[in-house]
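Coordinate inspection notes
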Amino acid sequence: AIDENGLVTEWNAQAERTFGWERSDATGRLLEELIFPPSDWEAHRRRLERSGAGGEGALARRRELLARHHDGHDFPVELAIWPTSTPSGRRFHAFVHDITERKRAEVAMRDSEASFRLLFERNPHPMWLYDVETLAFIEVNDAAVDHYGYSRDQFLAMRIADISPTEDVGALAEAVTGPGAEVRRGVLWRYQTKAGDVIDVEIVSHRLNFKGRESSLVLAQDVTERLRAERDLVHQAMHDALTGLPNRHLLSDRLTHALARATRGSEGLAVIYVDLDRFKLI
């Protein structure tokens, strides 16, 4: 507490811990000399003068300021000063809160958001954020715009079901809201570009809170060519290169499965061998 001249009349234990001044040393001294850097003394004095002229509103609101500790180091505080009238004159009550940790957290969050934004926007793979409740797109990166053909505004007017083939919509809705939807890695899915092409994608997604909304961050890697190559390799391994007919490897694979099914079902299995005369010549 301070009097109308700015002299400290009360100084509690928390003020001792926050500013490093003992109560006996602080009482009777100007408040600005105890808690503000010298460069801010004049501004504080003007605030008190305005309040003395009836401008209480200038004081009765919280403001963030730089405070100074007894040992000389500066730190951020939130300050509110409330004027009151007493029989002995005007008094002011100063409420001060050390916000050092909050400021550190804000800086860390800004740095984190900046890093996230940089990673998101410049990622070469399509990425987007969607609202878990509405399934509407919240953010998309440039790679998504380029790869799928929709503009950013078009994306933000759609839901994720709008880029899925019609026959996949039901399964998609169940997948994004069902068990295990919080984190998904390596999930294969299909999406449709604006041009109508259906592509195979591998999804990595993670739930997070984005601007107060429960959201899911998705990275979608186009694996259409990779899967096609894998299917081609499997086909080549299981089929004759000249005729395209199944070869002995595919026969062995199918026969192994058939024997396993027959064994489980206690059933018989017949294999018929048909010889084609002079087939090797052909």
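Notes on the structure in this doc start here. (Residues numbered from 1 in each chain as written. Predicted model: local features only at pLDDT ≥ 70, side-chain atom pairs only at ≥ 80, totals over all residues. Heavy atoms only, no water.)

**As for the overall build of the chain**
- For the chain, the count of helices and strands is 10 helices and nine strands.
- Relative to the compact-globule value of 19 Å for 282 residues, the chain shows a C-alpha radius of gyration of 36 Å, a clear excess of over 25%.
- Along the first, second and third principal axes, the C-alpha set of the chain runs to 125 × 40 × 30 Å.
- The proportion of buried residues among the 282 residues of the chain is 33%.
- Accessible surface for the chain amounts to roughly 18,100 Å². Of this, 53% is attributable to carbon and sulfur atoms.
- When the 37 positive and 46 negative side-chain charges of the chain are each reduced to one mean point, those points stand 0 Å apart. (Helix = DSSP H or I, 4+ residues; strand = E, 2+ residues; numbered from the N terminus. Rg over C-alpha atoms; globule rule 2.2 N^0.38 Å. Buried < 20%, exposed > 50% of the residue type's maximum accessible area, 1.4 Å probe, protein only. Areas by Shrake-Rupley, 256 points an atom, 1.4 Å probe, with all protein chains shown as cover. Lys, Arg positive; Asp, Glu negative; His and termini not counted. Charge placed at Lys NZ, Arg CZ, Asp CG, Glu CD.)

**Details of a nonpolar patch on the surface**
- A contiguous nonpolar patch, built from Leu251, Leu255, Leu259, Leu269 and Val271 and spanning about 450 Å² of accessible area, is present on the exposed surface.
- By secondary structure assignment, the location of Leu269 is in the segment after α10 (248-264). (Patch = residues over 30% accessible without salt bridge, like charges linked within 9 Å, V, L, I, M, F, W, Y side chains within 5 Å. Salt bridge = Lys/Arg side-chain N within 4 Å of Asp/Glu carboxyl O.)

**A short note on the sheet that holds strand β1 (residues 2-3)**
- Strand order in the open sheet formed by four strands is β1-β4-β3-β2, and the pairing between neighbours is antiparallel. Of all the strands in the sheet, just β1 and β2 (63-68) have a single pairing partner and so form its edges.
- For β1 and strand β4 (residues 89-98), the ladder comprises two bridges, and the chain directions are antiparallel. From the neighbouring strand, Asp3 faces β4, where its bridge partner is Arg91. (Pairing = 2+ DSSP bridges.)

**Some thoughts on the layout of surface pockets**
- In this structure, the largest pocket encloses a volume near 810 Å³.
- Leu245, Pro246, Asn247, Arg248 and Phe279 are the residues nearest the centre of the largest pocket, which is lined by 21 residues in total.
- Class assignment for the residues of the lining of the largest pocket results in 14 nonpolar, two polar and five charged.
- Looking at the lining of the second largest pocket, the elements that each hand over two or more residues are α1 (13-19), α3 (31-35) and β4.
- The residue makeup of the lining of the second largest pocket, split by class, is 11 nonpolar, four polar and one charged. (1 Å grid on protein atoms, 1.4 Å probe; cavity = no way out; pocket = protein on both sides within 12 Å on 5 of 7 lines; lining within 4 Å. Points joined across faces, edges and corners; volume = space filled by probe spheres on them. Nonpolar A, V, L, I, M, F, W, Y, C, P; charged D, E, K, R; others polar.)

**With respect to the pairing of strand β3 (residues 74-86)**
- As judged from the six bridges shared by β2 and β3, these two strands associate in the antiparallel manner. When the sheet's bridge partners are listed, Ala67 is paired in β3 with Phe75.
- In textbook terms, the turn of a hairpin is the stretch between consecutive antiparallel strands, and for β2 and β3 this stretch comprises five residues, one of which, Gly72, has a positive phi near 105 degrees.
- Sheet topology note: the β3/β4 ladder contains 10 bridges and is antiparallel. Paired with Ile81 across the two strands is Ala94, which belongs to β4.
- Hairpin remark: β3 followed by β4, antiparallel, with two residues in the connecting loop.

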